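Structural overview
Single-letter residue listing:
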Amino acid sequence: MESQIKKIGVMTSGGDAPGMNAAIRSVARACAYHNIECVGIYRGYEGMIEGDFKSLNARSVNHIINKGGTFLKSARSQEFRTKEGRKQAHDQLLKEGIDALVLIGGDGTFTGGMIFNEEFNFPIIGIPGTIDNDIVGTNYTLGYDTALNTAVEAIDKIRDTASSHRRLFFVEVMGRDVGHIALNAGVGSGAEEILVPEEDLGLDRLLESLEKSRQTGKSSSIVVVAEGDKTGKNVFELRDYVEENLEGYDVRVSVLGHMQRGGSPSCFDRVLASRMGVKAVESLLAGKFNYMVGTVNNKLELYPIDKAVKGHSKIDAELLRVSDIMSI
Ligand code: F6P
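Rules used in this analysis
- Residues numbered from 1 in each chain as written.
- Predicted model: local features only at pLDDT ≥ 70, side-chain atom pairs only at ≥ 80, totals over all residues.
- Heavy atoms only, no water.
- Domains from an automatic or database assignment.
- Buried area = accessible area lost by both parts, 1.4 Å probe.
- Salt bridge = Lys/Arg side-chain N within 4 Å of Asp/Glu carboxyl O.
- Nonpolar A, V, L, I, M, F, W, Y, C, P; charged D, E, K, R; others polar.
- Pairing = 2+ DSSP bridges.
- Helix = DSSP H or I, 4+ residues; strand = E, 2+ residues; numbered from the N terminus.
- Axes fitted to C-alpha atoms, helices over the stretch in contact; angles between N-to-C directions.
- Contact = heavy atoms within 4.5 Å.
- Core = buried A, V, L, I, M, F, W, Y, C linked by side-chain atoms within 4.5 Å.
- Buried < 20%, exposed > 50% of the residue type's maximum accessible area, 1.4 Å probe, protein only.

You'll often see interface size given as the accessible area lost when the parts meet. Here the domain parsing of the protein chain yields domain 1 (7-143 + 265-310) and domain 2 (145-261). One C-alpha centre belongs to domain 1, the other to domain 2, and the line joining them spans 34 Å. Carbon and sulfur atoms supply 51% of the area buried between domain 1 and domain 2, which totals about 1,000 Å² over both sides. The largest per-residue losses of area from domain 1 upon contact with domain 2 belong to Asp 16, Ile 131 and Asp 132, which jointly make up 45% of the total buried on that side. The interface formed by domain 1 and domain 2 holds one salt bridge in total. When the shortest N-O distance is used, the salt bridge between Arg 261 and Asp 16 registers 3.0 Å. Counted by class, the side of domain 1 that touches domain 2 contains five nonpolar, four polar and four charged residues.

This is the structure:
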């Protein structure tokens, strides 16, 4: 049976992530391959409300697979949170003749898409794009692998200066609600301690561990801290706390910040984005709506978008244990 979908809109929304451009490219090329039209929507839901659209053919997306950020730009739209704003967006899509949407982003993006679908019965499909890797229904989100490598590279450099001066560094990495970057970058860079939002290891345990490190002859220490860690102290307060409670420690702080969101995507993210874009377009053409494309055990699967939004990703408890063993 021939598909009713003739024109697909694609947009990126929320925090940008490396691999978003590669995903837009994949959506545009999969549309061209299946002889349907593709429209890029600029600035996420904000651009949708304003009708900021541009036709994308296979050549419009040349040489972007390797580029960080998103050439369609991203935004967090307040107006789309209102019924009036969503009605305006719907009118713009109808005017442009767009039949379905590929939404590339995180849970905020998917929540918006879900509400939009409930109100207007508009076909949507999601591609998970966020460095935080905090979406249920997929082992990996676009940008996570690149961000991990960026964080590890930065921490390796910090280690060089830390060991030259026999210093302790608190390194803050991104992850407002989840500790996937902290845990994996911490293990990957050989951090002595890792503080994540999912588990409060406690300040006493931190002091004990640092004291033990010193007694066992370590010349430098790195503590990787996720933005949202649960000790109740940010990295600067942690520094003050250690300086007050442990003698002889020369402590410094480094906040990696938004550099983790930028940069050329890793090969892993480029390949994942290419696969997910094709899967998203072909699923829409097959009449499968309101799903997110996820990767589970390296197989692409469709996961109901409402479950992706409502669920909570879990930290790898075994990796936390491995980290403890490694920092002996
Ligand atoms: O992209 C996800 C994330 O990096 C979070 O870890 C972080 O807290 C947040 O975005 C910061 O985003 P922004 O500075 O755009 O508000």
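There's more to say after this.
Taken in spatial order, the seven strands make up an open sheet running E3-E2-E1-E4-E5-E10-E11, and their pairing is mixed. Since the sheet does not close on itself, it has two edges, and those belong to strand E3 (53-55) and strand E11 (299-304), each with one partner. Pairs of neighbouring strands in the sheet enclose a mean axial angle of 30 degrees, with direction left out of account. Here strand E4 (residues 100-105) runs beside strand E5 (residues 124-128); their pairing, made up of five bridges, is parallel. Considered in E5, the bridge of Val 102 is made with Ile 125. Packed on one face of the sheet, helix H4 (residues 107-120) meets strand E1 (7-12), E4, E5 and strand E10 (291-296) and runs near 160 degrees to E4. Helix H9 (residues 267-285) rests against E1, E4, E5, E10 and E11 of the sheet, and its axis sits at about 170 degrees to E5.

Let's shift gears to the environment of Arg 176. In this structure, Arg 176 sits in the loop between strand E6 (168-173) and helix H6 (180-188). Residues Arg 176 and Gly 311 lie 135 residues apart in sequence; the distance between their C-alpha atoms is 16 Å. Setting aside anything within four residues of it in sequence, one finds Arg 176 in contact with Glu 227 and Gly 228.

In terms of nonpolar packing, the biggest core is built from 61 residues, with Ile 8, Val 10, Val 102, Ile 181 and Ile 222 touching the most fellow members. Top element by residues in this core is helix H5 (residues 144-165). It accounts for nine residues. Taken domain by domain, the makeup of this core includes at least three residues from each of domain 1 (7-143 + 265-310) and domain 2 (145-261). With near-sequence residues (within four places) excluded, Ile 8 lies in contact with Cys 31, Ile 36, Glu 37, Cys 38, Val 39, Ile 98, Ala 100, Val 102, Val 281 and Leu 284.

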